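# A structural walkthrough
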Amino acid sequence: MDQIDKAKEVIKRLQFSFSSENFENPVLQHHYRNIEALALELDEPDEMTDYTVPDEERMKSRAGKQISEFQDLIFPEGYSTGPGSKRKAPAAGGGAAFKRTKTETTSADVDIKTEAMANRLGKLTVSVLKDFIKKTKISANGTKKADLIEAINEHFDI
């Protein structure tokens, strides 16, 4: 409950009246400055201040004490929030994030005639179809998958 109260204190200290009209769109302002520089033949566009970026000095002056008290409550002694505090990835041998390599079927694993009779040649990869065509010395009209399937179907009279 102490953490919630501290968070409420921080929020209360950082509140301000907001109106979207008080902030200029930084992307549009950058674009307008570039157009102005082109029109006036300037070497560089005028410097621009992005008012949408938080003013950290002002935040510290308004709520610095409450923010540090809140951080002390939330993070335990010796906790590091800096670089190098990431968790280690699991070893390549296993874990939830283990990535499997794609196993590609070879023409030796597949009975092409059975697949052709069942009209499943489209599920095979182009490399498997090409291997079969080379082994059986079938002449194919092209290298696209549809051309290879058509040549194999003609070979089996399907």
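First, a word on scope: everything that follows refers to the structure included in this document. For clarity, every value in this text was computed on a predicted model and none was experimentally measured. (Residues numbered from 1 in each chain as written. Predicted model: local features only at pLDDT ≥ 70, side-chain atom pairs only at ≥ 80, totals over all residues. Heavy atoms only, no water.)

### Things to note about the packing of helix 5 (residues 126-136) against helix 6 (residues 145-155)
Two elements in contact, helix 5 and helix 6, have axes whose closest approach is 10 Å; the angle formed by their N-to-C orientations is 40 degrees. Our classification of the angle between helix 5 and helix 6 gives oblique. With respect to the hand of their crossing, helix 5 and helix 6 are arranged in left-handed fashion. Facing helix 5, whose interface residues are Val-126, Leu-129, Lys-130, Phe-132 and Ile-133, helix 6 presents Lys-145, Leu-148, Ile-149, Ala-151 and Ile-152. Grouping the amino acids of the contact of helix 5 with helix 6 by side-chain chemistry returns eight nonpolar, no polar and two charged. (Axes fitted to C-alpha atoms, helices over the stretch in contact; angles between N-to-C directions. Helix = DSSP H or I, 4+ residues; strand = E, 2+ residues; numbered from the N terminus. Parallel < 35°, antiparallel > 145°, perpendicular 65-115°, else oblique. Left-handed = near helix turned anticlockwise from the far one by under 90°. Contact = heavy atoms within 4.5 Å. Nonpolar A, V, L, I, M, F, W, Y, C, P; charged D, E, K, R; others polar.)

### Overview of a negative patch on the surface
Side chains of Glu-36, Asp-43, Glu-44, Asp-46 and Glu-47 sit close together on the surface and give a patch of like negative charge. Relative to the elements of secondary structure, Asp-46 occurs in the loop between helix 2 (26-39) and helix 3 (56-74). (Patch = residues over 30% accessible without salt bridge, like charges linked within 9 Å, V, L, I, M, F, W, Y side chains within 5 Å. Areas by Shrake-Rupley, 256 points an atom, 1.4 Å probe, with all protein chains shown as cover. Salt bridge = Lys/Arg side-chain N within 4 Å of Asp/Glu carboxyl O. Lys, Arg positive; Asp, Glu negative; His and termini not counted. Charge placed at Lys NZ, Arg CZ, Asp CG, Glu CD.)

### Notes on the packing of aromatic side chains
Per the counting criterion, the structure on display carries two aromatic pairs. On the basis of an interplanar angle of 25 degrees and a centroid distance of 5.7 Å, the ring pair of Phe-18 and Phe-23 is categorised as stacked. (Phe/Tyr/Trp six-rings, centres within 6.5 Å; stacked < 30°, edge-to-face > 60°.)

### Comments concerning the environment of Lys-12
Secondary-structure assignment places Lys-12 in helix 1 (residues 2-14). Judged by relative accessible area, which is 66%, Lys-12 ranks as exposed. Taking the C-alpha atoms as reference, Lys-12 lies 8.9 Å from Ala-63; in sequence the two are 51 residues apart. (Buried < 20%, exposed > 50% of the residue type's maximum accessible area, 1.4 Å probe, protein only.)

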